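Geometric and topological summary
Given next are the chains, with one letter for each unit.
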Amino acid sequence: MLKRAEYRDALKIENYYKYVIDNTENMDKYGRWIYGQHPTDEMVEGYIINGSMYFAEEDGIITAAVAVTFFQDEDYHSVQWNVEAKDDEVAVIHILCINPKKQRCGLAKKIVNEIIDLAKIKRMKAVRLDALCCNTPAHRLYEDLGFINCGIQNWYASNTGFIDFYLYELVLE
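The paragraphs below set out a description of the structure included in this document.

1. Description of the overall build of the chain
Within the chain, the regular secondary structure consists of four helices and seven strands. What you see for the chain is a C-alpha radius of gyration of 15 Å, in line with the 16 Å of a compact globule of 173 residues. In terms of overall dimensions, the chain has C-alpha extents of about 40 × 35 × 30 Å along its principal axes. Looking at the chain alone, contacts between residues at least 24 apart form 68% of all its contacts between residues at least 6 apart. About 9200 Å² of surface is accessible on the chain, with carbon and sulfur atoms providing 46% of the total. When the 19 basic and 27 acidic side-chain charges of the chain are each reduced to a single mean position, those positions are 6 Å apart.

2. Details of the environment of Ala64
Along the polypeptide, Ala64 turns up in strand E3 (residues 61–69). Taking the C-alpha atoms as reference points, Ala64 and Tyr16, 48 residues apart in sequence, are found 8.8 Å from one another. Setting aside anything within four residues of it in sequence, one finds Ala64 in contact with Tyr16, Tyr54, Phe55, Ala56, Cys97, Ile98, Leu107 and Ile111.

3. Description of the pattern of salt bridges
A side chain with one charge may pair with a side chain of the opposite charge, provided their charged atoms come close. Considering all chains together, one arrives at eight salt bridges under this definition. Each of the salt bridges in this network shares a partner with another, and the network as a whole consists of Lys3, Asp9, Lys12 and Glu57.

4. Concerning the packing of aromatic side chains
Counting across every chain of the model gives nine aromatic pairs. Relative to Tyr17, the ring of Tyr16 has its centre 5.8 Å away and its plane inclined at 70 degrees; by these criteria the two rings are edge-to-face. Of the two residues, Tyr16 and Tyr17, neither departs from the other in class, the shared state being buried. Both rings, one in Trp155 and one in Phe165, keep their centres 5.4 Å apart while their planes meet at 40 degrees; by these two values the pair is tilted. Of the two residues, Trp155 is situated in strand E6 (residues 148–157) and Phe165 in strand E7 (residues 161–171); the sequence distance between them amounts to 10 residues. Phe165 carries the same exposure label as Trp155, and that label is buried. Chaining the aromatic ring pairs together yields one cluster made of Tyr76, Trp81, Trp155 and Phe165. In this structure, Lys122 packs its charged tip against the face of Phe70, placed 5.0 Å from the ring centre.

5. Considering helix H1 (residues 10–23)
Because an α-helix completes one turn every 3.6 residues, residues spaced three or four positions apart along the sequence face the same direction. Here H1 spans 20 Å end to end across 14 residues, near enough to the 20 Å set by a 1.5 Å rise per residue. Of all the positions in H1, only Ala10, Ile13, Glu14, Tyr16, Tyr17, Val20 and Ile21 are classed as buried. In an axial view of H1, the angular spread of the buried residues amounts to 155 degrees, which keeps them on one side of the axis. Among the exposed residues of H1, those oriented more than 90 degrees off its buried face are Leu11 and Asp22. Against the buried residues of H1 lie helix H2 (41–49), strand E2 (53–58), E3 and strand E4 (90–98).

6. Here's the deal with the packing of helix H3 (residues 107–121) against helix H4 (residues 136–144)
Where H3 meets H4, the closest approach of the two axes is 10 Å, and the angle between their N-to-C directions is 50 degrees. Classified by the angle between their axes, H3 and H4 sit oblique to one another. The chirality of how H3 crosses H4 is right-handed. Judged by residue contacts, Ala108, Lys109 and Val112 of H3 engage Leu141, Tyr142 and Asp144 from H4. Taken together, the residues that form the contact of H3 with H4 break down as four nonpolar, no polar and two charged.

Calculation notes
Residues numbered from 1 in each chain as written. Predicted model: local features only at pLDDT ≥ 70, side-chain atom pairs only at ≥ 80, totals over all residues. Heavy atoms only, no water. Helix = DSSP H or I, 4+ residues; strand = E, 2+ residues; numbered from the N terminus. Rg over C-alpha atoms; globule rule 2.2 N^0.38 Å. Contact = heavy atoms within 4.5 Å. Areas by Shrake-Rupley, 256 points an atom, 1.4 Å probe, with all protein chains shown as cover. Lys, Arg positive; Asp, Glu negative; His and termini not counted. Charge placed at Lys NZ, Arg CZ, Asp CG, Glu CD. Salt bridge = Lys/Arg side-chain N within 4 Å of Asp/Glu carboxyl O. Phe/Tyr/Trp six-rings, centres within 6.5 Å; stacked < 30°, edge-to-face > 60°. Buried < 20%, exposed > 50% of the residue type's maximum accessible area, 1.4 Å probe, protein only. Lys NZ or Arg CZ within 6 Å of the ring centre and 35° of its normal. Expected span 1.5 Å × (residues − 1). Arc of directions from axis to C-beta. Axes fitted to C-alpha atoms, helices over the stretch in contact; angles between N-to-C directions. Parallel < 35°, antiparallel > 145°, perpendicular 65-115°, else oblique. Left-handed = near helix turned anticlockwise from the far one by under 90°. Nonpolar A, V, L, I, M, F, W, Y, C, P; charged D, E, K, R; others polar.

This is how it looks when you write it as C-alpha cells:
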C-alpha cells in the first residue's frame, strides 16, 4: 500500500498536506498543523530527497502520507525508553497524515502496521514517535497498536511555540 515518494511527487504531496490541514475536523484542537510552519515544503522535500517520505493512493488520490526515518535525532536521547538502541537502530514516524475522507476507517492502523513491518525487515529495535499531548486521537491509535508512552518533553514547534509532546515507543525485539 505505501510507496516511497520520488521528487516528482513533491508538489502532489505538499498539496495533499495543505488539503488535509484545511479539511480535517478539529485540526486546530488536536494536530495544530499550519502548512508553511509545520509541515513545510522544505520538510516534505527533505524527506523525499532522503528517501524517507511514503504515501498511499487510491484511484490516483492520496489517502495517506508519512515520513519514516531509520534513525532518531538527539531530541530523543533524553527520553527513558524501554529498549536501549543506537540512533540507527530506531525507526521514527513523522507527519503521519490521513485523508479526511478516509479517517476513522482503520487506514491509519494499516499504515502504521506497514511501517512496523518495514522496521522489522530493516532489523530496527523499536519504532518511536512524538505526538502533541493534546492529540488524543493519535494517542488512542498508537496505544491500540501497542505503543507505550515513555514520557513527556516540552519542545518548541514553529506552529505552536513551546508545547508538551508525548513520546511513544513500540519495542520490536
